[in-house]
Amino acid sequence: MLRFDLGMILIATDEFSAGNKLGQGEFGSVYKGILPSGQEIAVKRLAGGSGQGDLEFKNEVLLLTRLQHRNLV
Ligand SMILES: Nc1ncnc2c1ncn2[C@@H]1O[C@H](COP(=O)(O)OP(=O)(O)OP(=O)(O)O)[C@@H](O)[C@H]1O
C-alpha cells in the first residue's frame, strides 16, 4: 500500500490551504494536493472531535484502497 508522511501531504496541499479545499464531509474536509510527480490527489483530513474514531477512519482508508472504478477519482 502507498503511504505518505505528513510532511509530503503538507507540501502537496500547501499546508491544507483554504484555496485547495474541495469539499466538506461529515467527518472532515477534503483538499486537493499535487505530488512532486505532478499527480493530483484528494486528501481527506479527519476533523478532531468529529465522532469518527481512528478505527473507523482506518477502515474507510482500507476500503478506499480496494475500490477501483472509472467513476471514482
Ligand atoms: N476525490 C475527490 N475529488 C474531488 N472532490 C472530492 C473528492 N473526494 C471528496 N471530494 C469532495 O469532498 C466532499 C466530502 O468528501 P467525503 O468523502 O468526506 O464525503 P462524505 O463521504 O459525504 O463524508 P463523510 O465520509 O465524512 O461522511 C465531497 O462531497 C466532494 O465535494
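A brief look at the structure comes next. Every value quoted in this text rests on a predicted model; they were computed, and no experiment measured them. (Residues numbered from 1 in each chain as written. Predicted model: local features only at pLDDT ≥ 70, side-chain atom pairs only at ≥ 80, totals over all residues.)

## Here's the deal with helix 2 (residues 54–66)
In step 1: The end-to-end C-alpha distance of helix 2 is 19 Å, a good match for the 18 Å that 13 residues give at a rise of 1.5 Å each.
In step 2: Among the 13 residues of helix 2, 0 are classified as buried, and the element is accordingly described as predominantly exposed. (Helix = DSSP H or I, 4+ residues; strand = E, 2+ residues; numbered from the N terminus. Expected span 1.5 Å × (residues − 1). Buried ≥ 20, exposed ≤ 12 C-beta atoms within 10 Å, placed from the backbone.)

## Focus: the environment of valine 43
In step 1: With respect to the helices and strands, valine 43 occurs in strand 3 (residues 40–46).
In step 2: Its 18 C-beta neighbours within 10 Å are what place valine 43 among the partly exposed residues.
In step 3: Between the C-alpha atoms of valine 43 and alanine 12, which are 31 residues apart in sequence, the distance is 9.3 Å.
In step 4: The residues touching valine 43, leaving out its near neighbours within four places in the chain, are Ile9, Thr13, Val30, Tyr31 and Gly33. (Contact = placed C-beta atoms within 7 Å.)

## Considerations on the site of the ligand
In step 1: Taken together, 11 residues are adjacent to the ligand, and Gly23, Gly25, Glu26, Val30 and Ala42 come closest.
In step 2: Contributions of two or more residues to the shell around the ligand are made by strand 1 (21–24), strand 2 (28–34) and strand 3.
In step 3: Looking at the shell around the ligand, the element that brings in the most residues is strand 1, giving 3 residues.
In step 4: Of the residues assigned to the shell around the ligand, the class counts are 5 nonpolar, 4 polar and 2 charged. (Near = placed C-beta within 6 Å. Nonpolar A, V, L, I, M, F, W, Y, C, P; charged D, E, K, R; others polar.)

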